Amino acid sequence: MGNARKTVLRLLTRLENSGSYSNILLDEGLERSDLSPQDKKFAAALFYGVLERQITLDNIIREYSRNPKNKLGTEVRVILRMGLYQLLYMDSVPDNAAVDESVKLAKKNRNPAASGFINAMLREFIRNNKKLPKGRNATEELSIEYSAPVWLTEKWTREYGKDICLEMLKTSVGQAPVTARVNTAFHSLESTLDMLAEEGITFERLSVLPDCIRICGAGAVEHTKAYKEGRIHVQDLSSQLCCAALDPKENDTVLDLCAAPGGKTFTIAERMNNKGRVLAFDLHKNRAGLIESGAKRLGLDCIRAGVNNAKVYDEKMPKADKVLCDAPCSGLGVIRRKPEIKYKEPSDFDRLPEIQYDILKTSAEYVKVGGTLVYSTCTLSRAENDEVADRFLAEHPDFEPAPLGEAFGSDSGLCRMSITPAKYNSDGFFIAKFIRLR
Ligand SMILES: C[S@@+](CC[C@H](N)C(=O)[O-])C[C@H]1O[C@@H](n2cnc3c(N)ncnc32)[C@H](O)[C@@H]1O
C-alpha cells in the first residue's frame, strides 16, 4: 500500500494548495496511477477519510505539536493527518504500520528532519490511548468529535436544538448510501430488479417509495446491463421524495427550473410514464447538456432541456401544472458526500437566501391556478429553507401551503419538511409545497 499512500499524499497536498473538487482530483489521480484495484480502494478510503476528519485530525496535531498550525509545512501536516487517520479510523492498518509508513513517506519526500517529528508525535498519540483533545466547551467538544466546524455546530444547535444537532453531526460523517430509482416508464419494476439480481447486484427495497432501491456492497451499478439499458438512475431517497411531493401526473406540463444534472427531471418524467412534457432548464449550457444525455440514456423523450436564468421571468415559457424550484444552496445536507463544503467560510453562503427567494418568486409566476409549486434544497439551514418559504408565503397571498402527500407516511399532512439524514439514512434536505389559489 506504500504507493497508495504516496498517491494520497500527492493528491491531498494538491487539494490543499489548489482548492479543486475532491472527487475530480481523486478520479483523475487514480486513473493516471498504476495502482492495483485493491490499492485504489485503500487510497480512496484514506483520501476521503482524511478530508472528512480534517478538523478532528488538525485538533490532534495542534495539541501534540505544540506548534501553531501554520508553522508546519503542508506536506508534513498532510502526512500527519494521514497517519492519525489510519491510527484512529482504519482498523485494517496496524498501529506500527501507520507510524512506519508515515515516517517512510516523509523520508521518500526528502524530508528526513520531519520524519523524526512525525514518528515522535504519532507514537505519543498511541501512548496516550489515542485520546482526542478536550474542547474548551461543549461546542468545541462536538466539533472535535464529529469533525464539524465550530460555526456549523453552533448554527445547528441554535436552529434545530441540541438533540437534533447531535443527530445531524453523527450522520454528517461516514459512508453515504447509494440509492437508485427504477425507471418504470417502459419496463416493469420486477423485470429490472430480476435483471440486477442476475448481474450479482445486491440491493434492498425501501418501503418509503416502491421504485426506490438501496444498493448494498460496493457494486458499481453504472457497469450493469440494467443501467446501460436505461432502467435505473442513481438518486438519493430525499430527492425521490421531493419528486413524490411534486406528484406529477401523465400529460402534465412540468417546469423544472434548476434542473441539472437532471436527477429529479428524470424521476418526474418517469412518474409521468414519459407522457406529457417536462421542460428542464439550468443556467449553464454544459450542465443542461447533462440533462439531455441522461434523458436520452433513460429513453425519456418527454423531456426538453435548455438554458434559462430562473431569476428572470420569461413570458414565452408556458404556464405549468407543476413547477419545481430545486434551488442552488449551501449543501449542508450532503457534507457526508462532499466534505469540502465544511471548510468553506459561513460568509460564503450569505447571499444564497436572496438568490433562492428571487428564483422561487419567479418560479411562482409560471404556476397555473390550482397548480403546485415545490421549493427544495439539499441544505439544513433555516435561512435558506424555512425563512425563504415564510417570506414567499407572506409576499404571495395567492399561494397557500399544501400537504406533502402520502409518500411521507405519518408526516403526509405536513406542508414542509426538513429531512435530517437520520430519518431515512438519506441526504439532508428541505421540501416545501405550495398550491396556487388564484
Ligand atoms: C441543487 S442543483 C439542482 C439539482 C437538480 N435539480 C437535480 O436533481 O439533479 C441547483 C442547480 O441550479 C443551477 N442554477 C444556479 N443558478 C441558477 C439560475 N439562476 N437559473 C437556473 N439554474 C440555476 C445550478 O447550475 C445547479 O445545476
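Definitions and limits used
- Residues numbered from 1 in each chain as written.
- Predicted model: local features only at pLDDT ≥ 70, side-chain atom pairs only at ≥ 80, totals over all residues.
- Heavy atoms only, no water.
- UniProt positions renumbered as here; feature names shortened; annotations may be inferred.
- Helix = DSSP H or I, 4+ residues; strand = E, 2+ residues; numbered from the N terminus.
- Rg over C-alpha atoms; globule rule 2.2 N^0.38 Å.
- Buried < 20%, exposed > 50% of the residue type's maximum accessible area, 1.4 Å probe, protein only.
- Contact = heavy atoms within 4.5 Å.
- Lys, Arg positive; Asp, Glu negative; His and termini not counted.
- Charge placed at Lys NZ, Arg CZ, Asp CG, Glu CD.
- Pairing = 2+ DSSP bridges.
- Axes fitted to C-alpha atoms, helices over the stretch in contact; angles between N-to-C directions.
- Domains from an automatic or database assignment.
- Buried area = accessible area lost by both parts, 1.4 Å probe.

Looking at an unreviewed UniProt entry, one finds the protein named 16S rRNA (cytosine(967)-C(5))-methyltransferase, with Ruminococcus bicirculans as its source organism. Listed in UniProt under the heading Subcellular location (unreviewed entry), the comment for the protein reads: "Cytoplasm".

*Asks:* Can you help me understand the overall build of the protein in this one?
*Replies:* Secondary structure assignment for the protein yields 18 helices and 12 strands. Relative to the globule expectation of 22 Å for 438 residues, the C-alpha radius of gyration of the protein, 24 Å, shows essentially globular dimensions. Along the first, second and third principal axes, the C-alpha atoms of the protein reach 70 × 50 × 40 Å. Counting all 438 residues of the protein, 53% fall into the buried class. Partitioning the intrachain contacts of the protein with sequence separation of at least 6 by distance along the chain shows that 72% fall at a separation of at least 24. Side chains of the protein give 63 positive and 60 negative charges; the mean places of these two sets differ by 4 Å.

*Asks:* What is the right way to read the sheet that holds strand β1 (residues 178–182) from this model?
*Replies:* Strands pair in a sheet through their backbones, by hydrogen bonds, and they do so in one of two ways: parallel or antiparallel. A sheet is described by the order of its strands in space; here 4 strands give the open sequence β2-β3-β1-β4, paired in antiparallel fashion. Sheet topology places β2 (203–205) and β4 (232–234) at the edges, where each strand pairs with a single neighbour. Put simply, the sheet's adjacent strands are angled 30° from each other on average, direction ignored. Direction of pairing for β1 relative to strand β3 (residues 212–215): antiparallel, over a ladder of 4 bridges. Looking at β3, one finds that valine 178 is bridged to isoleucine 215. Each of β1, β2, β3 and β4 is contacted by helix α11 (residues 189–198), which is oriented at about 155° to β2, the strand it contacts most. Helix α13 (residues 237–246) rests against β1 and β3 of the sheet, and its axis sits at about 35° to β1.

*Asks:* I'm lost on helix α9 (residues 150–160) in this one. Help?
*Replies:* Residues spaced three or four apart along an α-helix point in a common direction, a consequence of the helix completing one turn every 3.6 residues. Within α9, the full set of buried residues consists of Trp151, Leu152, Thr153, Lys155, Trp156, Glu159 and Tyr160. Looking at the residues trailing α9, positive phi occurs at glycine 161, about 90°.

*Asks:* Just to check I follow, could you spell out the domain arrangement of the protein for this structure?
*Replies:* By a widespread convention, an interface's size corresponds to the accessible area lost as its parts come together. Segmentation of the protein into domains returns domain 1 (2–127), domain 2 (138–170), domain 3 (178–234) and domain 4 (237–436). Measuring from the centre of the C-alpha atoms in domain 3 to the corresponding centre in domain 4 gives 24 Å. On the domain 4 side, the residues contacting the 19 residues of domain 3 number 18 residues. With both sides pooled, the region where domain 3 packs onto domain 4 buries about 1,500 Å², and carbon together with sulfur makes up 54% of that total. Considering only the surface of domain 3 that becomes buried against domain 4, Arg181, Leu209 and His233 emerge as the three largest contributors, covering 36% of it.

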